[in-house]
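Understanding the architecture of this molecule
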Amino acid sequence: MKRTWLRLRQITQEFWFIPAVMTALALILAEAGISAEETYGVPDGLKFVYGGGETGSRSLLSAIAGSSIGVAGTVFSITIAALSYAAGSMGPRLLDNFTRDRGNQLTLGTFIATFAFSLYTLRSVTGSNDLVFVPHYNVTFALGLALTSVAMLVYYLAHVTASINMTHVANLLRDDMRDSLMKATLREDPDRDMSVAPPPEFWAGGEVLHAPSGGYLQLTDNELLLKKAGEADVALLLHVRPGDYVFPNSVIAVGVPRLPKDVMDALSLGDRRTVGQDLEYSVRQLAEVAARALSPGVNDPVTAIDVVDRFGDALCSLQDRRWPDGVYYEDHVLRLVVPVTDFSGLTNSMFSMIRQYGKGSPSVMVRMLEVFGTTASCLKDDERRAVIRWHAELVREDALANTPNSADRADVEDRYRKVLDTLANGEDAEVREAARHAVRQAQGERVN
(Lines give C-alpha, C1' and ligand atoms only; values in the text may rest on other atoms or scores of the structure.)
Protein backbone atom coordinates (compact mmCIF):
# COMPACT_ATOMS: atom_id res chain seq x y z
CA MET A 1 0.00 0.00 0.00
CA LYS A 2 2.80 2.41 0.92
CA ARG A 3 4.60 1.68 -2.35
CA THR A 4 1.38 2.28 -4.29
CA TRP A 5 0.78 5.57 -2.46
CA LEU A 6 4.32 6.74 -3.15
CA ARG A 7 3.97 5.81 -6.80
CA LEU A 8 0.70 7.75 -7.04
CA ARG A 9 2.37 10.71 -5.37
CA GLN A 10 5.13 10.61 -7.97
CA ILE A 11 2.56 10.54 -10.76
CA THR A 12 0.78 13.60 -9.35
CA GLN A 13 4.09 15.50 -9.41
CA GLU A 14 4.68 14.81 -13.10
CA PHE A 15 4.57 17.88 -15.37
CA TRP A 16 1.68 16.53 -17.42
CA PHE A 17 -0.63 15.59 -14.51
CA ILE A 18 -2.19 18.98 -13.64
CA PRO A 19 -2.59 20.05 -17.32
CA ALA A 20 -4.22 16.69 -18.09
CA VAL A 21 -6.69 17.04 -15.20
CA MET A 22 -7.52 20.64 -16.15
CA THR A 23 -8.05 19.65 -19.80
CA ALA A 24 -10.39 16.83 -18.80
CA LEU A 25 -12.37 19.20 -16.58
CA ALA A 26 -12.56 21.75 -19.41
CA LEU A 27 -14.04 19.16 -21.77
CA ILE A 28 -16.58 18.08 -19.15
CA LEU A 29 -17.60 21.70 -18.52
CA ALA A 30 -17.89 22.33 -22.24
CA GLU A 31 -20.25 19.38 -22.69
CA ALA A 32 -22.23 20.38 -19.58
CA GLY A 33 -22.64 23.96 -20.87
CA ILE A 34 -23.83 22.79 -24.28
CA SER A 35 -26.31 20.32 -22.75
CA ALA A 36 -27.64 22.95 -20.33
CA GLU A 37 -28.29 25.44 -23.13
CA GLU A 38 -29.92 22.85 -25.36
CA THR A 39 -32.23 21.88 -22.51
CA TYR A 40 -33.04 25.17 -20.81
CA GLY A 41 -31.89 27.91 -23.18
CA VAL A 42 -30.71 31.32 -21.94
CA PRO A 43 -33.02 33.40 -19.68
CA ASP A 44 -33.59 36.98 -20.83
CA GLY A 45 -32.35 38.48 -17.57
CA LEU A 46 -28.74 37.27 -17.90
CA LYS A 47 -27.13 40.36 -19.41
CA PHE A 48 -23.54 39.16 -18.97
CA VAL A 49 -24.02 36.15 -21.25
CA TYR A 50 -22.64 36.47 -24.77
CA GLY A 51 -25.43 37.62 -27.08
CA GLY A 52 -23.83 37.39 -30.55
CA GLY A 53 -24.75 35.12 -33.41
CA GLU A 54 -23.27 32.10 -35.11
CA THR A 55 -20.60 33.96 -37.14
CA GLY A 56 -19.39 36.00 -34.21
CA SER A 57 -19.17 32.99 -31.89
CA ARG A 58 -17.18 31.02 -34.48
CA SER A 59 -14.70 33.86 -34.92
CA LEU A 60 -14.36 34.41 -31.19
CA LEU A 61 -13.85 30.74 -30.32
CA SER A 62 -11.40 30.27 -33.18
CA ALA A 63 -9.36 33.30 -32.06
CA ILE A 64 -9.27 32.10 -28.42
CA ALA A 65 -8.29 28.54 -29.35
CA GLY A 66 -5.59 29.58 -31.82
CA SER A 67 -4.04 32.27 -29.63
CA SER A 68 -4.00 30.17 -26.44
CA ILE A 69 -2.17 27.21 -27.94
CA GLY A 70 0.12 29.49 -29.94
CA VAL A 71 1.16 31.57 -26.94
CA ALA A 72 1.65 28.45 -24.83
CA GLY A 73 3.89 26.81 -27.41
CA THR A 74 6.00 29.93 -27.96
CA VAL A 75 6.40 30.91 -24.31
CA PHE A 76 7.25 27.43 -23.04
CA SER A 77 9.69 26.80 -25.90
CA ILE A 78 11.59 29.99 -25.08
CA THR A 79 11.48 29.10 -21.38
CA ILE A 80 12.98 25.65 -21.93
CA ALA A 81 15.81 27.23 -23.94
CA ALA A 82 16.51 29.73 -21.13
CA LEU A 83 16.40 26.99 -18.50
CA SER A 84 18.76 24.80 -20.50
CA TYR A 85 21.25 27.66 -20.58
CA ALA A 86 20.84 28.32 -16.84
CA ALA A 87 21.23 24.63 -16.07
CA GLY A 88 24.81 24.88 -17.30
CA SER A 89 25.71 26.68 -14.06
CA MET A 90 22.99 25.41 -11.72
CA GLY A 91 22.91 21.78 -12.83
CA PRO A 92 20.29 19.72 -14.69
CA ARG A 93 18.20 19.48 -11.52
CA LEU A 94 16.94 22.98 -12.35
CA LEU A 95 14.83 21.44 -15.11
CA ASP A 96 13.38 18.94 -12.64
CA ASN A 97 12.39 21.76 -10.31
CA PHE A 98 10.77 23.59 -13.22
CA THR A 99 8.66 20.58 -14.19
CA ARG A 100 7.64 19.88 -10.57
CA ASP A 101 6.62 23.49 -9.90
CA ARG A 102 2.85 23.73 -9.44
CA GLY A 103 2.73 27.29 -10.74
CA ASN A 104 4.25 26.23 -14.06
CA GLN A 105 1.90 23.26 -14.29
CA LEU A 106 -1.15 25.43 -13.60
CA THR A 107 -0.08 27.96 -16.22
CA LEU A 108 0.32 25.32 -18.91
CA GLY A 109 -2.92 23.69 -17.79
CA THR A 110 -4.80 26.98 -18.12
CA PHE A 111 -3.64 27.51 -21.71
CA ILE A 112 -4.35 23.94 -22.78
CA ALA A 113 -7.70 23.87 -21.00
CA THR A 114 -8.68 27.12 -22.74
CA PHE A 115 -7.71 25.63 -26.09
CA ALA A 116 -9.59 22.36 -25.46
CA PHE A 117 -12.70 24.14 -24.14
CA SER A 118 -12.86 26.53 -27.10
CA LEU A 119 -12.21 23.85 -29.69
CA TYR A 120 -14.78 21.47 -28.21
CA THR A 121 -17.35 24.26 -28.05
CA LEU A 122 -16.60 25.32 -31.63
CA ARG A 123 -17.74 21.97 -32.97
CA SER A 124 -21.23 22.54 -31.52
CA VAL A 125 -21.82 25.84 -33.31
CA THR A 126 -24.19 25.30 -36.24
CA GLY A 127 -25.58 27.78 -38.75
CA SER A 128 -27.60 25.84 -41.31
CA ASN A 129 -30.98 27.03 -42.54
CA ASP A 130 -32.79 24.29 -40.63
CA LEU A 131 -30.96 24.66 -37.32
CA VAL A 132 -28.97 27.47 -35.74
CA PHE A 133 -27.28 26.82 -32.39
CA VAL A 134 -24.91 29.15 -30.55
CA PRO A 135 -23.59 27.96 -27.12
CA HIS A 136 -23.86 31.33 -25.38
CA TYR A 137 -22.83 30.00 -21.96
CA ASN A 138 -19.70 28.39 -23.36
CA VAL A 139 -18.68 31.42 -25.41
CA THR A 140 -19.01 33.57 -22.30
CA PHE A 141 -16.94 31.10 -20.26
CA ALA A 142 -14.33 30.93 -23.05
CA LEU A 143 -13.95 34.71 -22.80
CA GLY A 144 -13.34 34.30 -19.06
CA LEU A 145 -10.73 31.61 -19.74
CA ALA A 146 -9.00 33.91 -22.23
CA LEU A 147 -8.73 36.67 -19.62
CA THR A 148 -7.47 34.11 -17.07
CA SER A 149 -4.84 32.99 -19.54
CA VAL A 150 -3.58 36.55 -19.88
CA ALA A 151 -3.32 36.84 -16.09
CA MET A 152 -1.53 33.48 -15.86
CA LEU A 153 0.91 34.59 -18.57
CA VAL A 154 1.87 37.67 -16.55
CA TYR A 155 2.26 35.53 -13.42
CA TYR A 156 4.29 32.92 -15.31
CA LEU A 157 6.81 35.40 -16.70
CA ALA A 158 7.43 36.85 -13.24
CA HIS A 159 7.55 33.39 -11.67
CA VAL A 160 10.03 31.93 -14.15
CA THR A 161 12.26 34.99 -13.91
CA ALA A 162 12.48 34.46 -10.17
CA SER A 163 12.86 30.69 -10.45
CA ILE A 164 16.15 30.86 -12.37
CA ASN A 165 17.66 33.06 -9.66
CA MET A 166 20.41 31.09 -7.90
CA THR A 167 19.18 31.93 -4.39
CA HIS A 168 15.66 30.82 -5.29
CA VAL A 169 16.95 27.50 -6.64
CA ALA A 170 19.06 26.94 -3.54
CA ASN A 171 16.07 27.64 -1.30
CA LEU A 172 13.88 25.23 -3.25
CA LEU A 173 16.49 22.50 -2.94
CA ARG A 174 16.91 23.29 0.75
CA ASP A 175 13.18 22.91 1.31
CA ASP A 176 13.21 19.55 -0.50
CA MET A 177 16.17 18.44 1.59
CA ARG A 178 14.59 19.57 4.87
CA ASP A 179 11.31 17.88 3.99
CA SER A 180 13.11 14.62 3.19
CA LEU A 181 15.10 14.80 6.43
CA MET A 182 12.03 15.37 8.56
CA LYS A 183 10.22 12.45 6.93
CA ALA A 184 13.21 10.12 7.17
CA THR A 185 14.01 10.83 10.83
CA LEU A 186 12.09 10.45 14.07
CA ARG A 187 11.81 12.45 17.27
CA GLU A 188 14.53 11.49 19.73
CA ASP A 189 13.21 9.35 22.58
CA PRO A 190 15.60 8.94 25.53
CA ASP A 191 13.65 5.92 26.81
CA ARG A 192 13.72 3.96 23.58
CA ASP A 193 15.51 0.64 23.23
CA MET A 194 17.91 0.27 20.32
CA SER A 195 17.05 -2.58 17.98
CA VAL A 196 20.17 -4.58 17.26
CA ALA A 197 20.74 -6.36 13.97
CA PRO A 198 22.13 -9.91 14.09
CA PRO A 199 25.78 -10.54 13.13
CA PRO A 200 26.70 -11.30 9.52
CA GLU A 201 27.01 -15.00 10.37
CA PHE A 202 23.25 -15.11 10.95
CA TRP A 203 22.63 -14.69 7.24
CA ALA A 204 25.09 -17.36 6.09
CA GLY A 205 23.37 -20.08 4.12
CA GLY A 206 20.24 -18.04 3.50
CA GLU A 207 18.43 -17.95 0.17
CA VAL A 208 19.69 -15.15 -2.07
CA LEU A 209 17.59 -12.92 -4.33
CA HIS A 210 19.31 -11.56 -7.44
CA ALA A 211 18.11 -8.45 -9.24
CA PRO A 212 16.14 -9.32 -12.38
CA SER A 213 17.14 -6.04 -14.05
CA GLY A 214 19.18 -2.91 -13.47
CA GLY A 215 18.21 0.59 -12.41
CA TYR A 216 17.95 2.93 -9.46
CA LEU A 217 15.97 1.69 -6.49
CA GLN A 218 13.31 4.38 -6.22
CA LEU A 219 10.85 3.01 -3.68
CA THR A 220 10.90 0.39 -0.93
CA ASP A 221 7.68 -0.69 0.78
CA ASN A 222 8.97 -1.81 4.18
CA GLU A 223 5.46 -2.55 5.41
CA LEU A 224 4.87 -4.99 2.57
CA LEU A 225 8.29 -6.61 3.10
CA LEU A 226 7.52 -7.01 6.80
CA LYS A 227 4.16 -8.54 6.00
CA LYS A 228 5.66 -11.02 3.52
CA ALA A 229 8.40 -12.00 5.97
CA GLY A 230 5.84 -12.56 8.73
CA GLU A 231 3.58 -14.68 6.53
CA ALA A 232 6.54 -16.84 5.46
CA ASP A 233 7.96 -16.94 9.04
CA VAL A 234 11.43 -15.87 7.85
CA ALA A 235 13.99 -13.12 8.43
CA LEU A 236 14.77 -10.89 5.46
CA LEU A 237 17.86 -8.75 4.87
CA LEU A 238 17.74 -6.06 2.19
CA HIS A 239 21.10 -5.14 0.68
CA VAL A 240 20.06 -1.96 -1.11
CA ARG A 241 18.27 1.24 -0.14
CA PRO A 242 16.46 3.91 -2.20
CA GLY A 243 19.01 5.79 -4.29
CA ASP A 244 21.33 2.84 -4.85
CA TYR A 245 21.95 1.66 -8.39
CA VAL A 246 21.01 -2.01 -8.67
CA PHE A 247 23.03 -3.98 -11.19
CA PRO A 248 21.46 -6.92 -13.04
CA ASN A 249 21.99 -10.24 -11.23
CA SER A 250 23.49 -8.52 -8.18
CA VAL A 251 22.42 -9.59 -4.68
CA ILE A 252 19.64 -7.41 -3.34
CA ALA A 253 18.15 -9.53 -0.53
CA VAL A 254 18.80 -12.59 1.62
CA GLY A 255 16.13 -14.65 3.38
CA VAL A 256 16.72 -17.00 6.33
CA PRO A 257 15.94 -19.84 6.06
CA ARG A 258 14.32 -18.97 2.71
CA LEU A 259 12.99 -16.02 0.73
CA PRO A 260 9.37 -14.89 0.95
CA LYS A 261 7.39 -14.95 -2.27
CA ASP A 262 7.35 -11.94 -4.62
CA VAL A 263 9.86 -9.77 -2.76
CA MET A 264 10.27 -7.63 -5.90
CA ASP A 265 6.64 -6.52 -5.52
CA ALA A 266 7.83 -4.28 -2.68
CA LEU A 267 10.71 -2.76 -4.65
CA SER A 268 10.49 -0.28 -7.52
CA LEU A 269 13.37 0.19 -9.97
CA GLY A 270 13.62 3.10 -12.40
CA ASP A 271 15.98 4.89 -14.75
CA ARG A 272 16.67 7.84 -12.43
CA ARG A 273 16.78 8.83 -8.79
CA THR A 274 13.71 10.50 -7.36
CA VAL A 275 12.85 12.72 -4.40
CA GLY A 276 11.02 10.85 -1.67
CA GLN A 277 12.64 7.94 0.11
CA ASP A 278 16.06 8.74 -1.41
CA LEU A 279 17.35 11.02 1.33
CA GLU A 280 20.76 11.73 -0.19
CA TYR A 281 19.30 12.70 -3.55
CA SER A 282 18.12 16.09 -2.28
CA VAL A 283 21.50 16.61 -0.63
CA ARG A 284 23.39 15.80 -3.82
CA GLN A 285 21.29 18.26 -5.79
CA LEU A 286 22.53 21.12 -3.59
CA ALA A 287 26.08 19.76 -3.55
CA GLU A 288 26.05 19.68 -7.34
CA VAL A 289 25.06 23.37 -7.45
CA ALA A 290 28.07 24.19 -5.29
CA ALA A 291 30.40 21.98 -7.32
CA ARG A 292 29.37 23.64 -10.57
CA ALA A 293 29.74 27.08 -8.98
CA LEU A 294 33.34 26.18 -8.03
CA SER A 295 34.28 24.96 -11.50
CA PRO A 296 36.91 27.06 -13.35
CA GLY A 297 34.38 28.05 -16.00
CA VAL A 298 31.96 29.56 -13.46
CA ASN A 299 34.17 30.46 -10.46
CA ASP A 300 31.33 31.56 -8.17
CA PRO A 301 32.36 30.94 -4.53
CA VAL A 302 29.43 33.02 -3.22
CA THR A 303 26.95 30.41 -4.45
CA ALA A 304 29.02 27.64 -2.89
CA ILE A 305 28.98 29.52 0.43
CA ASP A 306 25.18 29.82 0.19
CA VAL A 307 24.96 26.04 -0.23
CA VAL A 308 27.28 25.43 2.73
CA ASP A 309 25.05 27.65 4.89
CA ARG A 310 22.00 25.62 3.96
CA PHE A 311 23.76 22.38 4.81
CA GLY A 312 24.59 23.79 8.22
CA ASP A 313 20.93 24.71 8.61
CA ALA A 314 19.92 21.11 7.85
CA LEU A 315 22.43 19.58 10.28
CA CYS A 316 21.36 21.84 13.13
CA SER A 317 17.73 20.86 12.55
CA LEU A 318 18.69 17.23 13.32
CA GLN A 319 19.62 17.97 16.93
CA ASP A 320 16.51 16.26 18.36
CA ARG A 321 16.04 13.78 15.53
CA ARG A 322 17.23 10.21 15.02
CA TRP A 323 17.25 7.76 12.14
CA PRO A 324 15.21 4.56 12.27
CA ASP A 325 17.25 1.54 13.25
CA GLY A 326 16.32 -0.35 10.11
CA VAL A 327 15.67 -3.46 12.23
CA TYR A 328 12.11 -4.74 12.58
CA TYR A 329 10.86 -7.36 15.04
CA GLU A 330 7.44 -8.97 15.42
CA ASP A 331 6.75 -10.48 18.84
CA HIS A 332 10.50 -10.43 19.54
CA VAL A 333 11.18 -12.37 16.33
CA LEU A 334 13.48 -10.77 13.73
CA ARG A 335 11.64 -10.15 10.47
CA LEU A 336 13.39 -7.45 8.45
CA VAL A 337 16.69 -5.58 8.29
CA VAL A 338 17.08 -2.71 5.81
CA PRO A 339 20.04 -0.33 5.30
CA VAL A 340 19.43 3.26 6.39
CA THR A 341 21.23 6.57 5.97
CA ASP A 342 23.19 7.73 9.00
CA PHE A 343 24.60 11.10 10.06
CA SER A 344 28.08 10.29 8.80
CA GLY A 345 26.88 9.32 5.32
CA LEU A 346 24.65 12.37 5.11
CA THR A 347 27.50 14.70 6.11
CA ASN A 348 29.83 13.08 3.58
CA SER A 349 27.28 13.71 0.84
CA MET A 350 27.02 17.35 1.90
CA PHE A 351 30.63 18.44 2.26
CA SER A 352 33.03 16.01 0.57
CA MET A 353 32.40 17.17 -2.99
CA ILE A 354 32.43 20.87 -2.01
CA ARG A 355 35.72 20.38 -0.14
CA GLN A 356 37.32 18.60 -3.09
CA TYR A 357 36.27 21.26 -5.62
CA GLY A 358 36.70 24.25 -3.30
CA LYS A 359 40.04 23.44 -1.68
CA GLY A 360 41.67 26.22 -3.69
CA SER A 361 39.09 28.82 -2.59
CA PRO A 362 39.99 30.16 0.89
CA SER A 363 36.66 31.94 1.32
CA VAL A 364 34.73 28.68 0.85
CA MET A 365 37.00 26.69 3.15
CA VAL A 366 36.87 29.34 5.86
CA ARG A 367 33.08 29.44 5.65
CA MET A 368 32.88 25.64 5.90
CA LEU A 369 34.89 25.76 9.12
CA GLU A 370 32.64 28.51 10.46
CA VAL A 371 29.57 26.39 9.69
CA PHE A 372 31.19 23.40 11.39
CA GLY A 373 31.73 25.53 14.49
CA THR A 374 28.11 26.63 14.60
CA THR A 375 26.88 23.11 13.89
CA ALA A 376 29.06 21.73 16.70
CA SER A 377 27.34 24.09 19.13
CA CYS A 378 23.90 22.84 17.99
CA LEU A 379 24.58 19.10 18.18
CA LYS A 380 24.79 17.30 21.51
CA ASP A 381 25.45 13.74 20.35
CA ASP A 382 29.12 12.78 20.74
CA GLU A 383 29.17 10.61 17.61
CA ARG A 384 27.79 13.41 15.47
CA ARG A 385 30.24 15.90 16.96
CA ALA A 386 33.06 13.48 16.12
CA VAL A 387 31.89 13.46 12.49
CA ILE A 388 31.96 17.27 12.44
CA ARG A 389 35.50 17.27 13.83
CA TRP A 390 36.67 14.78 11.22
CA HIS A 391 35.31 16.93 8.38
CA ALA A 392 36.88 20.04 9.94
CA GLU A 393 40.25 18.27 9.93
CA LEU A 394 39.84 17.33 6.28
CA VAL A 395 38.95 20.92 5.35
CA ARG A 396 41.91 22.30 7.28
CA GLU A 397 44.32 19.86 5.66
CA ASP A 398 43.12 20.55 2.11
CA ALA A 399 42.93 24.30 2.66
CA LEU A 400 46.48 24.60 4.04
CA ALA A 401 47.85 22.44 1.24
CA ASN A 402 46.26 24.62 -1.46
CA THR A 403 46.48 28.13 0.06
CA PRO A 404 49.85 29.87 -0.44
CA ASN A 405 48.86 33.21 1.11
CA SER A 406 49.90 33.42 4.76
CA ALA A 407 46.95 35.62 5.80
CA ASP A 408 44.46 33.17 4.31
CA ARG A 409 46.25 30.27 6.01
CA ALA A 410 46.01 32.13 9.32
CA ASP A 411 42.25 32.55 8.81
CA VAL A 412 41.90 28.83 8.19
CA GLU A 413 43.86 27.99 11.35
CA ASP A 414 41.86 30.49 13.38
CA ARG A 415 38.50 29.03 12.29
CA TYR A 416 39.76 25.50 12.87
CA ARG A 417 40.80 26.35 16.44
CA LYS A 418 37.35 27.81 17.03
CA VAL A 419 35.76 24.56 15.85
CA LEU A 420 37.90 22.59 18.30
CA ASP A 421 37.08 25.06 21.07
CA THR A 422 33.35 24.71 20.40
CA LEU A 423 33.60 20.92 20.31
CA ALA A 424 35.40 20.97 23.65
CA ASN A 425 33.29 23.58 25.43
CA GLY A 426 29.95 23.48 23.60
CA GLU A 427 27.69 26.53 23.59
CA ASP A 428 29.96 28.43 26.00
CA ALA A 429 32.62 28.74 23.32
CA GLU A 430 30.05 29.97 20.81
CA VAL A 431 28.80 32.60 23.27
CA ARG A 432 32.34 33.81 24.02
CA GLU A 433 33.14 34.10 20.30
CA ALA A 434 29.93 36.06 19.66
CA ALA A 435 30.86 38.44 22.48
CA ARG A 436 34.36 38.97 21.07
CA HIS A 437 32.88 39.61 17.63
CA ALA A 438 30.51 42.24 19.06
CA VAL A 439 33.37 43.98 20.88
CA ARG A 440 35.50 44.14 17.74
CA GLN A 441 32.60 45.64 15.81
CA ALA A 442 31.97 48.22 18.52
CA GLN A 443 35.63 49.19 18.45
CA GLY A 444 35.57 49.51 14.65
CA GLU A 445 38.16 46.79 14.13
CA ARG A 446 38.36 44.70 11.01
CA VAL A 447 36.41 41.44 11.25
CA ASN A 448 37.79 38.61 9.14
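The paragraphs below set out a description of the structure included in this document. (Residues numbered from 1 in each chain as written. Predicted model: local features only at pLDDT ≥ 70, side-chain atom pairs only at ≥ 80, totals over all residues. Heavy atoms only, no water.)

Notes on the overall build of the protein
The helix and strand tally for the protein stands at 15 helices and 12 strands. In the protein, which comprises 448 residues, the share counted as buried stands at 43%. For the protein, the computed accessible surface area is about 22600 Å², with 57% contributed by carbon and sulfur atoms. (Helix = DSSP H or I, 4+ residues; strand = E, 2+ residues; numbered from the N terminus. Buried < 20%, exposed > 50% of the residue type's maximum accessible area, 1.4 Å probe, protein only. Areas by Shrake-Rupley, 256 points an atom, 1.4 Å probe, with all protein chains shown as cover.)

A few points about the sheet that holds strand β11 (residues 327–330)
Across the sheet, which stays open at both edges, the 5 strands sit in the order β4-β8-β6-β12-β11 with mixed pairing between neighbours. Both outer strands of the open sheet, β4 (207–210) and β11, are each paired with one neighbouring strand and no more. Put simply, the sheet's adjacent strands are angled 25° from each other on average, direction ignored. As paired strands, β4 and strand β8 (residues 251–256) are joined by 4 bridges and run antiparallel to one another. Looking at the pairing, histidine 210 lines up with valine 251 of β8. Sitting on the sheet, helix α8 (residues 222–232) is in contact with β6 (235–238), β11 and β12 (333–337), with an inclination near 140° to β12. (Pairing = 2+ DSSP bridges. Axes fitted to C-alpha atoms, helices over the stretch in contact; angles between N-to-C directions. Contact = heavy atoms within 4.5 Å.)

Overview of the sheet that holds strand β5 (residues 215–220)
Two orientations exist for strands paired in a sheet by backbone hydrogen bonds: parallel and antiparallel. With respect to topology, 3 strands assemble into an open sheet ordered β7-β5-β9, the strand pairing being antiparallel. If you trace the sheet from one side to the other, it starts and ends with β7 (245–246) and β9 (267–270), each paired once. Sheet topology places β5 next to β9; 4 bridges connect them, and they run antiparallel. Following the sheet pairing, leucine 219 is matched in β9 by serine 268.

Observations regarding helix α7 (residues 166–184)
In this model α7 runs 27 Å from its N-terminal to its C-terminal C-alpha over 19 residues, within 8% of the 27 Å that 1.5 Å per residue would give. For α7, the set of buried residues is Met166, Val169, Ala170, Leu173, Asp176, Met177, Ser180 and Leu181. Within α7, the buried residues cover an arc of 135° as seen down the axis, which keeps them to one side. (Expected span 1.5 Å × (residues − 1). Arc of directions from axis to C-beta.)

Remarks on the environment of glycine 73
In this fold, glycine 73 is placed in helix α3 (residues 54–90). Relative accessible area serves as the criterion here: at 35%, glycine 73 is assigned to the partly exposed category. Between the C-alpha atom of glycine 73 and that of phenylalanine 111, which follows or precedes it by 38 residues, the distance is 9.5 Å.

Describing the packing of aromatic side chains
Each aromatic ring pair is summarised here by two numbers: the centre-to-centre distance and the angle between the ring planes. By the definition in use, this model includes 9 aromatic pairs. Centroid distance phenylalanine 311 to phenylalanine 351: 5.8 Å. Interplanar angle 75°. Geometry classified as edge-to-face. Of this pair, phenylalanine 311 sits in helix α10 (residues 301–316) while phenylalanine 351 is found in helix α11 (residues 343–358), placing the two residues 40 residues apart along the sequence. When sorted by exposure, phenylalanine 311 lands in the same class as phenylalanine 351, which is buried. Ring pairing ties together the aromatic residues Phe15, Phe76 and Tyr156, which thus form one cluster. Taking NZ or CZ as reference, arginine 123 lies 4.9 Å from the ring centre of tyrosine 120, over its face. The ring of tyrosine 416 carries arginine 396 above its face, with NZ or CZ at 5.1 Å from the centroid. (Phe/Tyr/Trp six-rings, centres within 6.5 Å; stacked < 30°, edge-to-face > 60°. Lys NZ or Arg CZ within 6 Å of the ring centre and 35° of its normal.)

Focus: the environment of leucine 267
Relative to the elements of secondary structure, leucine 267 occurs in strand β9. You can call leucine 267 buried: its relative accessible area is 5%. For the pair leucine 267 and proline 242, spaced 25 residues apart in sequence, the C-alpha separation works out to 9.1 Å.

Overview of the pairing of β11
With 4 bridges connecting them, β11 and β12 associate as antiparallel partners. Bridge pairing in β12 links tyrosine 329 to leucine 334. Once β11 ends, the chain turns through 2 residues before running back antiparallel as β12, passing aspartate 331 with a positive phi of about 55°.

Digging into the nonpolar core
Of all hydrophobic cores here, the largest spans 46 residues; its most connected members are Phe311, Leu346, Met350, Ile354, Met368 and Phe372. Of all the elements, helix α12 (residues 362–378) adds the most residues to this core, at 8 residues. Every residue in contact with methionine 350, bar those within four places of it in the chain, is listed here: Met177, Val283, Ala287, Phe311, Ala314 and Leu315. Counting 20 residues, the second-largest nonpolar core is a separate cluster that includes Ala229, Leu238, Val246 and Val263. (Core = buried A, V, L, I, M, F, W, Y, C linked by side-chain atoms within 4.5 Å.)

Quick word on the packing of α12 against helix α13 (residues 382–401)
Put simply, α12 and α13 touch, their axes get as near as 10 Å, and they point 165° apart. In terms of orientation, α12 lies roughly antiparallel with respect to α13. As α12 packs across α13, the resulting crossing turns out to be left-handed. Taken together, the residues of α13 that come into contact with α12 (itself represented by Met365, Met368, Leu369, Phe372, Thr375 and Ala376) are Arg385, Ile388, His391, Ala392, Val395, Asp398 and Ala399. Class assignment of the residues belonging to the contact of α12 with α13 gives a composition of 9 nonpolar, 2 polar and 2 charged. (Parallel < 35°, antiparallel > 145°, perpendicular 65-115°, else oblique. Left-handed = near helix turned anticlockwise from the far one by under 90°. Nonpolar A, V, L, I, M, F, W, Y, C, P; charged D, E, K, R; others polar.)

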